[in-house]
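Survey of secondary and tertiary structure
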Amino acid sequence: MTANSTIHRRALLSGALWAFFARNPAFAFGQDGTGDYDFATLQAFVDVLLPADALSPGASAIGVADEVSAIAQAMMPFHQLISLGVGWLNNTGGPPFHKLTQEQQIRVVDWMSRADFNQIPRRFYYLVRLSAVEIYYAHPDAQAGFALNTAPQPQGYPPPWV
Amino acid sequence: MGIKGAFDVVIVGAGAGGAAMAWRLVTNGAKVLLLEAGPRFDPAQDYPLTEPGWERAGFAHKPHSTASVTYGDLGRYDPGETGLASWNAVSGRIHEDGARRPVDQAYGHVQGVGGTTLHFVGEAHRLHPDSMALRTRFDQGADWPLTYADLEPYYTICESLIGVAGPADQGARWRSAPFVQPAHPLSPAAKRLQKAGAQLGQNWQANSRAALSQPRENRPACNYCGNCSRGCPIGDKGSADVTFIADAEDTGRLVIREHATVEKIHLAPDGQVAGVSYIHSGTRTYQETPVLVLAAGAVQTPRLLLASASGGVSNSSGQVGRNFMETLAWTSTGLLEGLENSHMGLPADAICWDYNQPDSVSGVVGGCRFNSAVQEIGFTGPIAYATRAVPGFGAGFKHAMRRDFGRAISVGAIGEVIADARSFVGLDPQKTDFIGQPLPVIHSVLTQNSVDLLRFMARQARRVLAQAGVRDLVEEYGSYDRFSTSHVFGTCRMGHQSDTSVVDGNCRSNDHPNLYITDASVFASSGGGESPSLTIQALAVRAADHIIS
């Protein structure tokens, strides 16, 4: 009964999007959120979620923002949410999100992570994070520091185990 | 197109029951046609466990490898009952609106040569003998028309062919022969649960597993990658394709037709089954048969019977599709400081049978079992941790991921379901499959007995984890708000009386003497959490002997 596959997570993504737009129909059918979005801000956002460190690269360096965009291309409600979320990030009162300092970006994302789940900032944070971590940790470069083979087979993990 | 007389037996479905039936028949000289709606899987090609990014893939999907179903009444739950809610540390509550939902969008079984054994974890369980007489003992559910003693020789035959590994002590499940392979070593998480269980007076032991602990013939020993349910690319897991099917094909007397979707069972004027029609590569074929065996599972078998004639085939009792029993399941997971490498080892390698006897839980009819579940539920890679167990973002999140990976420890539980009139499989009045046949619609509602047993299962799972040293849980989920189809039973149940059952103790139809059913639909009771594949196979081999005789 595994709950751990892309299919399951896509179902979770669809369900969360459906629930959000059902509660907020004006967003679903309004003018906002249907056009292009500022990709630099999406890149900056995923790099705040998954920054580079001594062991592994940042998210955008291994294509996370590109793949999130590709998923959104194929899933219109997700595209709408990203457009709305990126628009919100770029209108927090100062310069666009990707031009904020790293400290400012972290403060914004921290606020988003604790905001009302039924509003755009938190839903955007939750669903983009869900996709971003899946894409990121599937990449071998992101797995440095884990007691993992690149793939479970063909070596497996024979005993003895610590 | 019509085909006459080429085969002694036609079997529908190449899963656990169909494969075992085919093996027994062909190794006794019969010629068998096995019709399988799904494809054949190539373990080396189709299972993704050798590739980077493996964790994003579940079990492989191929054309026709997933059956379509619809859902009717799955019951409701009280959103205020937080103690039985499904949740995790990243997403919070999974559902809160009071409507029980299926775990995924699709029915969780595999269509293909090997059936659901292709992605099963591979537990090889015998039923508890007392689980087979619920009606007599508790005036609930139904009795099996055979006993553990009747089935025991067939369990032994199947275990031998599969290469089941397990420990000698099996309690009430007495054995006429030892397991053919020694038990697997306990993984890091399982050892912690065994120790915690012992401190609580519980007996956690090595599970009996359809996975090789030693090389055997042309199959290697398990190398403990922990991902059985994504498909085993090396062949140590005893799925039906590398055991029963492989041996049966070696005889030259088995023909397997993949992508063959049976649309109808045809009856002769004398009440016998005359043949089946099926669609293969866009062509409809009629196949005569002296004997027909249905082994398409507890959802598709009743669907085919109901769709084949007005009122259904083999349905004089009105029991086809009735008595549906779902999987009553619970899982609790925590992160345990000091535990390392919990992703390594064999899934479900430790089990506790202490509460498996049907009268072992106070106030409830039916037992349950507990097992180490960490690999089984997917905590074998970092994506699972990041999406379910480790919240947050940024440098702190990445640090927590490296610190916590390998610390997950899980207790899973599965319990008895008593058949209820509200739970059944019927025909969808509107939706059809690609050949125009009505889809099955599943109705399944939890009884108070199930909720009470589920509450016990959740309480015990938390108790063991707490004893192991887990301070905070990170995920729990169960049947209270999520409908699960891992193990489903009962929709063509066997019985002593033809007015309350569909088949007899030999799996033979009460209405049509040349029709047999050998899948979990014949189970008269679900058992107290035992995984059903070995019992399906034992029943199928026994039924094959009846056909041969």
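The text that follows walks through the structure, step by step, so that each part is easy to find. (Residues numbered from 1 in each chain as written. Chains lettered and ligands numbered in written order. Predicted model: local features only at pLDDT ≥ 70, side-chain atom pairs only at ≥ 80, totals over all residues. Heavy atoms only, no water.)

Thoughts on the overall build of chain A
Counting its regular elements, chain A contains 7 helices and 0 strands. Along chain A, helices (α) and strands (β) appear in the sequence α-α-α-α-α-α-α when read from the amino end. In chain A, which comprises 162 residues, the share counted as buried stands at 52%. (Helix = DSSP H or I, 4+ residues; strand = E, 2+ residues; numbered from the N terminus. Buried < 20%, exposed > 50% of the residue type's maximum accessible area, 1.4 Å probe, protein only.)

As for the interface of chain B and chain A
Interfaces are often sized by the accessible area lost when the parts come together. Between chain B and chain A, the contact holds 58 residues from the first and 55 residues from the second. If you sort the residues of chain B by the area they bury against chain A, Arg56, Phe393 and Arg402 of chain B come out on top, with a joint share of 19%. Here chain B and chain A share 4 salt bridges between them. Across the salt bridge formed by Glu67 of chain A and Arg56 of chain B, the nearest N and O atoms sit 2.6 Å from each other. When contributions to the side of chain B that touches chain A are tallied by element, the ones reaching two or more residues are helix H8 (382-389) and helix H9 (394-404) of chain B. When the residues that make up the side of chain B that touches chain A are grouped by side-chain class, the tally is 28 nonpolar, 20 polar and 10 charged. (Contact = heavy atoms within 4.5 Å. Buried area = accessible area lost by both parts, 1.4 Å probe. Salt bridge = Lys/Arg side-chain N within 4 Å of Asp/Glu carboxyl O. Nonpolar A, V, L, I, M, F, W, Y, C, P; charged D, E, K, R; others polar.)

A word on the environment of Asp433 of chain B
Residue and element names in this part refer to chain B. With respect to the helices, strands and loops of the structure, Asp433 is situated in the loop between strand E18 (424-432) and strand E19 (438-443). Take Asp433: its relative accessible area is 18%, and that puts it in the buried class. Here the alpha-carbon distance between Asp433 and Pro358, two residues 75 residues apart in the chain, equals 39 Å. Ignoring anything within four residues of it in the chain, the contact list for Asp433 reads Arg303 and Leu439.

Description of the environment of Val262 of chain B
Residue and element names in this part refer to chain B. For Val262, the location among the structural elements is in strand E10 (residues 260-267). Val262 sits 17 residues away from Ile279 along the chain, and the two C-alpha atoms are 6.3 Å apart. Beyond its immediate stretch of four places on either side in the chain, Val262 contacts Val12, Leu35, Val276, Ser277, Tyr278, Arg303, Leu304 and Ile435.

Concerning the sheet that holds E19 of chain B
All names here are of chain B. Pairing is mixed in the open sheet, where 3 strands are placed in the order E4-E19-E18. The outermost strands of the open sheet, each flanked by one partner alone, are strand E4 (70-71) and E18. As paired strands, E18 and E19 are joined by 5 bridges and run antiparallel to one another. Along E19, the bridge assignment pairs Gly426 with Val441. (Pairing = 2+ DSSP bridges.)

Notes on the environment of Gly297 of chain B
All names here are of chain B. Relative to the helices and strands, Gly297 is located in helix H7 (residues 297-307). Taking the C-alpha atoms as reference points, Gly297 and Gly275, 22 residues apart in sequence, are found 19 Å from one another. When sequence neighbours within four positions are dropped, the list of residues in contact with Gly297 reads Pro302, Asp519 and Ser521.

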